[in-house]
Amino acid sequence: MITFAVDFESYYDKSCSITVLGPLGYFSHPDFDAYMVSVVGDNGYKWVGDPREFDWGMLEGNRVLSHNAAFDETLYLFGTKKGWWSLVDYKEWFCTADMVAHCGLPRSLKNSSAELFDLEVSKETRDSMLGKRWEDMDDDFKEEVEEYALKDSELCLQIWEEIEDQWPDSERTISNVNRRIVQRGIPIDTNLLKTQKETIALKLFETEKNIPWKDNYPLLSRKAFNEECRKLGITPPESLALTDDAANKWIDKYGDQYLWIKSVRDFRRINALKKKLDSFDYATLSDGRFYGGCMYFGAHTGRWSGSGGNLNLQNLPRGEMFGVTLRHLIKPKEGHKLVVADLSQIEVRTLAWLSEDQQALEEIKEASDIYEVFARRFGLWEGDGVFSEEAPDIRYKTKTMVLGCGYGVGFKRFASISGMSEKEAEECVTMYRNYMPKVVRLWNKLTRSVHLCYANRTPFKYELPSGRVLDYGYIQASLVNGRREYYAKIFKGAKRIPMKLWGGLVAENLSQALARDVFASILVRLEEAGHKIILHVHDEVVIECKEKEADKVLQDTLSIMSSPPSWIPELPIQGEGKIVNQYEK
């Protein structure tokens, strides 16, 4: 079998752009032109030129690589449907960008090449291609573009040959399944989209009218905001962020008296919603489906992330905001339903497994309500009735403790995230630690492991039961207020970013990573069972199906989601789900 690296080059400008339109919206733009493809094989073959002139039959039965297969493979498949080039049955198509991310390297070709080969790769040619059509380039620049394209394919193949043995088959499958899910597109209620765009445009207009400096300064000008405050004898706050407690108190104090104060904050949020609606609109094609993105291994723990732009499907707002509900836009066509299911309290379960709390695992397995298990352990509940009905306040408190205290949070931080008084928060944190000694032991064990790796100058690694290794590299330390603090440098984009390490944080990373691996296994099994997954968010999966098949699809989905992977059979997992007409929750 021959391995070929394939890289397309295409026309782009500020409006004809994959960032704005999503992949299929970009390919469908009237100005789009895939004018070049470069192909490099591990048998020494090299070719660059018009993709309509390439002999695509060479890929038949062979392995294909691209450093962003979400673009290149999707473009290839789109082109076959358009009749631009022939459809061949290649054996597999892998994404080397996904591979390097899995291996803890920067995702981009430029930066991963720098890390692996100490090679500086210039992207000046690509930048210079902005707004230039192939037929308008002079001969010298055409030659430069051909060399640039060929070099990208050569590097893609070189990266594959360097580290492909570090990317296990199971992860390659997960990468490909994720890409297939994205390529299906998401059904959109286009009538509702139009209505919501009109609603948010009106809200934006009404909000703008209330801002005094709208005709003289940018609406979000902090200088203008501060000057208006001083005119009124008000000291402006340092921040207007929703997450800033001081800012919220300041707005509560003055917002009702001066309408423009709330309008400034609202404008930012309404404008963000407008951009999300625009993104839905741009990337929804004539078939009524939205084609966006979902990035494999977008986080250090292996979890997926949004793929950039103004719309992150991994973090869609819940519920109604300013008269619009974004999630309701996702709606199947008539005669179809959505099956929405998630893994119930998966991180609580993975933390119990990591801390070797066998008693908790056994009790969770038998329980109808996982929080009743912990309420009884904490001595908060001894009743025989239905826990959620007879003691809803105790259940809420227990849930808050279980979800908030499992990773070593201090009582002041817990107070701020739970809304409790510091006194009550301190009592809850103390109670959790007293009744969950194995979790506390896990934090301490991980802290010691970090220290030993620092002292011995060895990389800090942790092998998960799936066989995947969470690698933090070499640990560094610094003195802060006389105490030694440890940190690792993790790639975020092109740069290594210091991440503070301590037992609770590492426990959280491991719990999330294990939950990710369990969920990834479920995605693969659902795909193998023939279910049409159109979206997955954290631990939730959304399946599109025919209405008459919905009950069976839900039952099968929950059965798969309640069966642990073969590599961790003792983990009690539980799927919960429902059939809906539109996406919600």
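Look above for the structure.
Below, the structure is looked at part by part. (Residues numbered from 1 in each chain as written. Predicted model: local features only at pLDDT ≥ 70, side-chain atom pairs only at ≥ 80, totals over all residues. Heavy atoms only, no water.)

**A closer look at helix H9 (residues 222-231)**
At step 1: Within the sequence span of H9, burial applies to Ala 224, Phe 225, Asn 226, Glu 228 and Cys 229.
At step 2: For H9, the secondary structure elements touched by its buried residues are helix H10 (245-254) and helix H11 (259-282).
At step 3: The backbone nitrogen of Lys 223 lies 3.5 Å from a side-chain oxygen of the residue at the head of H9, namely Ser 221.
At step 4: Gly 233 sits one or two residues past H9 and shows a positive phi near 75 degrees. (Buried < 20%, exposed > 50% of the residue type's maximum accessible area, 1.4 Å probe, protein only. Helix = DSSP H or I, 4+ residues; strand = E, 2+ residues; numbered from the N terminus. Contact = heavy atoms within 4.5 Å. Polar contact = N/O pair within 3.5 Å; in protein donor to acceptor, adjacent residues only side chain to side chain.)

**What about the sheet that holds strand E15 (residues 540-546)?**
As a general point, the strands of a sheet are linked pairwise by backbone hydrogen bonds and lie either parallel or antiparallel.
At step 1: Taken in spatial order, the four strands of this open sheet run E14-E15-E8-E16, and their pairing is antiparallel. Whereas interior strands pair on both sides, the edge strands pair on one side only; in this sheet they are strand E14 (533-537) and strand E16 (575-580). Taken pair by pair, the neighbouring strands of this sheet meet at an average axis angle of 20 degrees, ignoring direction. (Pairing = 2+ DSSP bridges. Axes fitted to C-alpha atoms, helices over the stretch in contact; angles between N-to-C directions.)

**Structural notes on the environment of Met 420**
At step 1: On the secondary structure map, Met 420 appears in the loop between helix H17 (411-418) and helix H18 (422-435).
At step 2: Relative accessible area serves as the criterion here: at 15%, Met 420 is assigned to the buried category.
At step 3: Along the sequence, Met 420 and Lys 397 sit 23 residues apart, while their C-alpha atoms lie 9.8 Å from each other.
At step 4: Residues contacting Met 420, with those up to four places away along its chain left out, are Lys 397, Thr 400, Phe 414, Ala 415, Ala 425 and Cys 428.

**Regarding the pattern of salt bridges**
At step 1: Applying the stated criterion to the full structure yields 34 salt bridges.
At step 2: Put simply, Asp 98 and Arg 107 hold a salt bridge, and the shortest N to O gap is 2.8 Å.
At step 3: Each member of the salt-bridge network shares a partner with another, and the members are Glu 171, Arg 468, Arg 516 and Asp 517. (Salt bridge = Lys/Arg side-chain N within 4 Å of Asp/Glu carboxyl O.)

**Some thoughts on a negative patch on the surface**
At step 1: Together, Glu 124, Asp 127, Asp 138, Asp 139, Asp 140, Glu 143, Glu 144 and Glu 147 line one region of the surface with negative charge.
At step 2: Secondary structure elements with two or more residues in the negative patch: helix H5 (124-128) and helix H6 (139-163).
At step 3: The element contributing the most residues to the negative patch is H6, with five residues.
At step 4: With respect to the helices, strands and loops of the structure, Glu 124 is situated in helix H5.
At step 5: Residue Glu 124 is classed as exposed on the basis of its relative accessible area of 60%. (Patch = residues over 30% accessible without salt bridge, like charges linked within 9 Å, V, L, I, M, F, W, Y side chains within 5 Å. Areas by Shrake-Rupley, 256 points an atom, 1.4 Å probe, with all protein chains shown as cover. Lys, Arg positive; Asp, Glu negative; His and termini not counted. Charge placed at Lys NZ, Arg CZ, Asp CG, Glu CD.)

**As for the packing of helix H19 (residues 437-456) against helix H20 (residues 503-528)**
Helices that pack against each other are described as a pair by the angle of their axes relative to one another and the distance between those axes.
At step 1: It is at 7 Å that the axes of H19 and H20 come closest, and there the two elements cross at 105 degrees. Overall, the two elements H19 and H20 adopt an arrangement that is roughly perpendicular. Contacts between H19 and H20 pair Leu 442, Trp 443, Leu 446, Thr 447 and Val 450 from the former with Gly 503, Gly 504, Val 506, Ala 507 and Leu 510 from the latter.
At step 2: Of the residues assigned to the contact of H19 with H20, the class counts are seven nonpolar, three polar and no charged. (Parallel < 35°, antiparallel > 145°, perpendicular 65-115°, else oblique. Nonpolar A, V, L, I, M, F, W, Y, C, P; charged D, E, K, R; others polar.)

**Observations concerning the pairing of strand E9 (residues 460-463)**
At step 1: With four bridges connecting them, E9 and strand E10 (residues 469-473) associate as antiparallel partners. By the bridge assignment for E10, Tyr 462 is matched with Leu 470.
At step 2: Taking the residues that link successive antiparallel strands as the turn, the E9-E10 hairpin has five residues, and the phi of Gly 467 there is positive, at about 100 degrees.

**Comments concerning the environment of Leu 150**
At step 1: Counting through the fold element by element, Leu 150 comes out in helix H6.
At step 2: Counting along the chain gives 113 residues from Leu 150 to Val 37, while the straight-line C-alpha distance between them is 8.4 Å.

**Digging into the packing of aromatic side chains**
At step 1: Tallied over the full model, the rule gives 37 aromatic pairs.
At step 2: On the basis of an interplanar angle of 85 degrees and a centroid distance of 6.2 Å, the ring pair of Phe 4 and Tyr 45 is categorised as edge-to-face. Remark: Tyr 45 occurs in the loop between strand E2 (34-41) and strand E3 (46-49) and Phe 4 occurs in strand E1 (residues 3-10); sequence separation between them is 41 residues.
At step 3: Taking NZ or CZ as reference, Arg 133 lies 4.6 Å from the ring centre of Tyr 11, over its face.
At step 4: The cationic tip of Arg 172 hangs over the ring face of Phe 94; the distance from NZ or CZ to the ring centre is 5.5 Å. (Phe/Tyr/Trp six-rings, centres within 6.5 Å; stacked < 30°, edge-to-face > 60°. Lys NZ or Arg CZ within 6 Å of the ring centre and 35° of its normal.)

Purely spatial values, then, with no claim about function.
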